[in-house]
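Listed below are the residues making up each chain.
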Amino acid sequence: MKTLIVAITVTTLSICTIFAQSSKKTTFLNVISKVAQAENLEISYNPDNVPLDDSTCFEFSQFTDSCYSEIEKLLNVTISKNKTHIIIKSSESEKIRISGIVIDSVTQKPLPYAHLLIKNSGSGTISNIIGRFSFQIANKNKGFNLEFSFIGYESQTITIPAENTENLIIKLKPRPYALADIYVLPNGNEAVDIVKRAVKNIKRNYDRNTHQIEAFYRNTNYRDTTATQLIEAALLIEDKGIMHQATTTKIELKEVRKSTNYQIPMDKKHKAAIKIMEEYFGGHRNIFYRSYSNYVRTYRDDWWYKPLTQYTTFKYEFEGCEWMDSVKVYKIRFTYDQLWPDGRRASENKNIDNGGFIYINSEDWAILKIEHWWKAISKNHLQNLAIKDNYISKNEIGYQKINGKYYLKYKSGFFPPNGKNFVYENPDAPEKEKIIKERQYAEMTLLVTRVVTDKKEMDKIRYREKLAKNENSYETKYPYNPRFWNNYNILKENPVEEQFVKEMEWEKSLDIQFKENSSNHAEVE
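All values reported here derive from a predicted model rather than from experimental measurement.

Brief notes about the overall build of the protein chain
- Assigned secondary structure in the protein chain consists of 10 helices and 24 strands.
- Split into buried and exposed, the 525 residues of the protein chain put 50% on the buried side.
- For the protein chain, restricting intrachain contacts to residue pairs at least 6 apart in sequence, the fraction spanning at least 24 positions comes to 66%.
- Entry remark: accessible area of the protein chain is about 27200 Å², with carbon and sulfur atoms responsible for 49%.

So this is what it looks like as C-alpha cells:
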C-alpha cells in the first residue's frame, strides 16, 4: 500500500482536543494535537502504521520534549520536526531482523549462549539454550560487521544485510589445540595462582567508569514441569564502575509485563521468614536488582561465597584449556572447601557438590565466564529446598569485550519461587510426615542488549524513576504497554516455551493476564 501522508491543520486538532477533554480517556492524536497547537505546527503521519487513534489515559502537564519521548515509547514511533510539521513515523521500518541458529561445524550440535555483537558497538544478543537467535538491528547498522563467538571456537563475522534475513546457519569451527597445552600451566603456577592473577586484573579489564546497560529480564516460575508465572522486563541499568560498591547501581524499569501467578502462595509465617532473610542480605526483595548481581561485579562485596577472593575457603583445580579464536582460555574448577569446627572440609560432604568453573583469558587475564552449581548428591538430603534435577542452584554468567573493556553479557539460572517451595500430598500432617507432591522453583535470564559508555548518549536515571532495592517486585503492579513489546529485542524463545504458553493460557490469554496484572488496569463495573 502506498504511504498515505495525512496533514491535519491546527484548527481541526483544536476541535479534537476540546472534544477529548470531556472524557477521562482520549486518543494519542488529541494529546499530541496540544503540542502541535502550542508550537503552531501541523501533524504528518501514516494512519496505516502509526496508531494515533488508539485511546489513552495519559495526560501531559506541559508541552516539552518529554512529551515526544513518551509518545515514542508508548507507540513505538519516532518523532521529528521541521518548520511546518511534526512528523511521526513507525519505528518498525527502521529495524532489520536477523534470525537463525549457531552450531558446531563438526558435530552440527547447537551452541547455547553464543555471543552476537555488532563490532565496535555495545549492541548484541545471545543464542538460546538450543542455539537459536533473533536479533533486531537498527537500520543505520546495515553493512556493519556482526560477530559470532563462543568459548572453544573460532569467531565468525558476517555483514549485516539491508533487509530481514531468516534461517541463517552460523557454523563455528572448534579450535584445535596441542595435547600438551591441556595440562601445562604457565610457569609452573598452580590453579589458584591463575585465579589470583585474574582477580588482580579486574580493575584493569572491567570498566571503572560509569556506564549504562540496556537489558532484557525474564523470570519463569514452575510447579515441577507446569508453568505458573511469567515476568518479562526491559531494564536500564546505571553501573558506577568496578571501583564503586555494587550498592551504587541504579535500575530503571523501562517496561514490564507480568502474568497471573498460579504458584501455591506462601503462608504468612513463611513470608515473614523470607522478609527477615532478605533484610539481612541488604534488601534484595527486588528481583531486578538481584538479577544484576554477579561474581565479578561484587567480588569484594559478597557476604560469604567468594570464590574469587577467599582462597583458603575454596579448592582450585586446573581442568585444561579451551580457545576463543587464537587465544588460550584456562578452565579452573573451584569447590567450596570451608574448614568446619569439627575438622572436616566442606568438600568431604557426601550429600552435596558445591562448586563450578572459571574461564580465564590467558592474554589479558580477563574472566570470560563463570559457572556455579549446588547439587544434592543424596536424594534424601536438603528436602526443605526446591530442587530441580537434583540441583539446588545452577547459574551461568558470561562477559563480553567492547572497545577494550569487559561487561556483563548474560546471566541465567535458578531463582527462588514466587510461592511455597513445596506442594504436599498431606499438608495437614506433622512436618516430619509430610509427603512432597510437587516442588516449586523459578528460572531467570538477564540478557544485556546494549552497553553505553559515552555519557552524551546516556539517559539519566532520576531519583523518582529509580527502582527501590527493597521493593517487592513480585507484588508491585507496574504499567503495561503492549505495543512496546512488538518491536523489542528479547532472548529467542525455546521450544519448551510453546508448552509454557499453552499451560499459562489454560484460563485466559497471556495478553489479558498482562493487562490485568498492570497498574493501568481498571475493573469494569
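Anyway, onward from the coordinates.
Points about helix α2 (residues 28-39)
- For α2, with 12 residues, the first-to-last C-alpha span of 17 Å sits near the 16 Å given by 1.5 Å per residue.
- With nine of its 12 residues buried, α2 lies for the most part within the structure.
- Phi turns positive one or two residues past the end of α2, at Asn40, with a value near 60°.

A word on the pairing of strand β15 (residues 226-239)
- Among the 14 residues in β15, 13 count as buried, and that is most of the element.
- Relative to β15, strand β14 (residues 211-223) is paired through 13 bridges, and the arrangement is antiparallel. Counterpart to Glu214 in the pairing with β15 is Leu236.

A closer look at the confidence of the model for the protein chain
- Looking at the protein chain, pLDDT values average 82 and 83% of them are 70 or higher.
- Element-level mean pLDDT values for the protein chain span from 39 in helix α1 (residues 10-20) up to 96 in helix α6 (residues 202-205).
- Segment residues 1-23 is flagged for pLDDT under 50; beyond a separation of four residues in sequence, or across chains, it makes 37 contacts in the model.

A few points about the sheet that holds strand β12 (residues 156-159)
- Strand order in this open sheet of four strands is β9-β8-β11-β12, and the pairing throughout is antiparallel. Only two strands of the sheet have a single neighbouring strand rather than two, namely β9 (124-126) and β12. The mean angle between the axes of side-by-side strands here comes to 20°, regardless of whether they run parallel or antiparallel.
- Of the pairings in the sheet, the one linking strand β11 (residues 145-149) to β12 comprises four bridges and is antiparallel in character. Paired with Asn145 across the two strands is Thr159, which belongs to β12.

Things to note about the pattern of salt bridges
- Applying the stated criterion across every chain yields a total of 18 salt bridges.
- Between Lys515 and Asp511 there is a salt bridge, with its nearest N and O atoms 3.3 Å apart. With a gap of four residues between them, Lys515 and Asp511 both fall in helix α10 (residues 510-516), about one helical turn apart.
- Put simply, Glu214, Arg450 and Glu457 are held in one network by salt bridges that share partners.

Focus on the packing of aromatic side chains
- The tally for this structure, following the rule as stated, stands at 25 aromatic pairs.
- Between Phe414 and Tyr441 the ring centres are 6.2 Å apart and the planes differ by 55°, which places this aromatic pair in the tilted class. Linking Phe414 in strand β22 (residues 405-415) with Tyr441 in strand β24 (residues 436-452), this pair joins segments that are 27 residues apart in sequence.
- Assessed through its relative accessible area of 10%, Tyr441 is described here as buried.
- In textbook terms, an aromatic cluster arises when at least three aromatic residues are bridged by ring pairs, as seen for Tyr295, Tyr305, Phe314, Phe334, Tyr336, Trp340 and Trp374.
- Just above the ring of Trp485 sits the side chain of Arg257; from NZ or CZ to the centre is 4.3 Å.
- Sitting over the ring of Tyr359, Lys369 keeps its end group 4.7 Å from the ring centre.

Side note on the environment of Lys240
- Structurally, Lys240 is set in the loop between β15 and β16 (250-258).
- For Lys240, a relative accessible area of 24% translates into the label partly exposed.
- In sequence terms Lys240 and Gln212 are 28 residues apart; their C-alpha atoms lie 8.6 Å from each other.
- Among residues more than four places away in sequence, those in contact with Lys240 are Arg208, Asn209, Thr210 and Thr248.
- Polar contacts involving the side chain of Lys240 include one to the side chain of Glu238, which spans 3.2 Å.

Notes on the sheet that holds strand β13 (residues 165-172)
- Taken in spatial order, the three strands of this open sheet run β10-β7-β13, and their pairing is mixed. Unpaired on one side and paired on the other, β10 (132-138) and β13 mark the two borders of the sheet. Between one strand axis and the next, the sheet turns through 30° on average, direction left out of account.
- Pairing geometry for strand β7 (residues 95-104) and β13, over six bridges, is parallel. The residue of β13 that forms the bridge with Ile101 is Ile169.

Here's the deal with the side chain of Ser362
- Mapped onto the elements, Ser362 comes out in the loop between β19 (352-361) and β20 (367-376).
- The class of Ser362 is buried, set by a relative accessible area of 18%.
- At 2.7 Å, the side chain of Ser362 forms a polar contact with the backbone oxygen of Lys328.
- Ignoring anything within four residues of it in the chain, the contact list for Ser362 reads Val327, Lys328 and Tyr330.

Some points on the nonpolar core
- In terms of nonpolar packing, the biggest core is built from 67 residues, with Tyr217, Phe288, Leu308 and Ile367 touching the most fellow members.
- Counting residues per element, this core draws most heavily on helix α5 (residues 191-200), at six residues.
- Apart from the residues within four sequence positions on either side, Ile367 is in contact with Ala198, Ile202, Tyr206, Val296, Leu308, Ile358, Tyr359, Ile360 and Tyr399.
- Among the nonpolar cores identified, the runner-up in size contains 21 residues, and Tyr113, Tyr441, Trp485 and Tyr488 belong to it.

Looking at the side chain of Thr313
- Relative to the assigned elements, Thr313 resides in the loop between α8 (287-292) and β17 (314-324).
- Sequence-distant contacts of Thr313, that is, excluding residues within four places in its chain, are made with Thr335, Tyr336, Asp337 and Gln338.

Some thoughts on unusual backbone geometry
- You will see that Gln108, though not glycine, has its phi angle at about 70°, which is positive.
- Its place among the elements puts Gln108 in the loop between β7 and β8 (115-118).
- Positive phi values are uncommon outside glycine, yet Trp365 reaches one of about 60°.
- Within the secondary structure, Trp365 sits in the loop between β19 and β20.

What counts, and at which threshold
Residues numbered from 1 in each chain as written. Predicted model: local features only at pLDDT ≥ 70, side-chain atom pairs only at ≥ 80, totals over all residues. Heavy atoms only, no water. Helix = DSSP H or I, 4+ residues; strand = E, 2+ residues; numbered from the N terminus. Buried < 20%, exposed > 50% of the residue type's maximum accessible area, 1.4 Å probe, protein only. Contact = heavy atoms within 4.5 Å. Areas by Shrake-Rupley, 256 points an atom, 1.4 Å probe, with all protein chains shown as cover. Expected span 1.5 Å × (residues − 1). Pairing = 2+ DSSP bridges. pLDDT = per-residue confidence, 0-100. Axes fitted to C-alpha atoms, helices over the stretch in contact; angles between N-to-C directions. Salt bridge = Lys/Arg side-chain N within 4 Å of Asp/Glu carboxyl O. Phe/Tyr/Trp six-rings, centres within 6.5 Å; stacked < 30°, edge-to-face > 60°. Lys NZ or Arg CZ within 6 Å of the ring centre and 35° of its normal. Polar contact = N/O pair within 3.5 Å; in protein donor to acceptor, adjacent residues only side chain to side chain. Core = buried A, V, L, I, M, F, W, Y, C linked by side-chain atoms within 4.5 Å.

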